[in-house]
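Observations on the model geometry
Here is how the chains run, residue by residue.
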Amino acid sequence: QVQLVESGGGLVQPGGSLRLSCAASGDIFSINTMGWYRQTPGKQRELVATVTSGGSTNYADSVKGRFTISRDTAKNTVYLQMNTLKPEDTAVYYCNLHIPYNEMVQEDFWGKGTLVTVSP
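Only a predicted model underlies this, so the values are computations on that prediction, with no experimental measurement involved. (Residues numbered from 1 in each chain as written. Predicted model: local features only at pLDDT ≥ 70, side-chain atom pairs only at ≥ 80, totals over all residues. Heavy atoms only, no water.)

If you trace the four strands from one edge of the open sheet to the other, you get S1-S3-S8-S7, paired in antiparallel fashion. The open sheet is flanked by strand S1 (3-7) and strand S7 (67-72), the only strands paired with a single partner. Taken pair by pair, the neighbouring strands of this sheet meet at an average axis angle of 15 degrees, ignoring direction. (Pairing = 2+ DSSP bridges. Helix = DSSP H or I, 4+ residues; strand = E, 2+ residues; numbered from the N terminus. Axes fitted to C-alpha atoms, helices over the stretch in contact; angles between N-to-C directions.)

See the structure below:
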């Protein structure tokens, strides 16, 4: 059983910074992608950033240049450094672990989410 535990959300003023962390535990396949998604009421969950076990990163256009994703593979932990935050970044942020066991079988695990509020 895989568990993801997020931390680091909270209230921050526009222009401020926050750092999210997500620790994964359990039976984790070594080849995987960890990432962050976010969701606001009435909208679909959207990708924020991902990082593969090989270190390749991918960002949503809306956060490029402001957010940085990183991971500590030994600790199965992923981080999201968020700088120059804007009110539109307000959302519940979810940690994701994607495991491609093979070409036909893959699995996604999700954390419970952490709320980020950007407001004066």
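This is not the end of the story, as more comes after the structure.
This part is about the environment of valine 92. If you trace the backbone, valine 92 turns up in strand S9 (residues 91-100). Of the residues examined, valine 92 reaches a relative accessible area of 24% and is grouped as partly exposed. With 52 residues separating them in the primary sequence, valine 92 and threonine 40 have C-alpha atoms 6.5 Å apart. Not counting chain neighbours up to four residues away, the residues in contact with valine 92 comprise Tyr37, Arg38, Gln39, Gly113, Thr114 and Leu115. (Buried < 20%, exposed > 50% of the residue type's maximum accessible area, 1.4 Å probe, protein only. Contact = heavy atoms within 4.5 Å.)

On to the packing of aromatic side chains. According to the stated counting rule, one finds two aromatic pairs in the structure shown. Arranged with centres 5.9 Å apart and planes meeting at 45 degrees, the rings of phenylalanine 29 and tyrosine 101 form a pair that is tilted. Separated by 72 residues along the polypeptide, phenylalanine 29 in the loop between strand S3 (18-25) and strand S4 (33-39) and tyrosine 101 in the loop between S9 and strand S10 (106-110) bring together distant segments of the chain. Centroid distance tyrosine 37 to tryptophan 110: 5.1 Å. Interplanar angle 70 degrees. Geometry classified as edge-to-face. Here the residue tyrosine 37 occupies a position in strand S4, and tryptophan 110 occupies one in strand S10, the gap between them amounting to 73 residues. Geometry around tyrosine 79 places arginine 19 over its ring, the cationic atom sitting 4.1 Å from the centre. Positioned over the ring face of tyrosine 94 is arginine 45, at 3.7 Å from the centre of the ring. (Phe/Tyr/Trp six-rings, centres within 6.5 Å; stacked < 30°, edge-to-face > 60°. Lys NZ or Arg CZ within 6 Å of the ring centre and 35° of its normal.)

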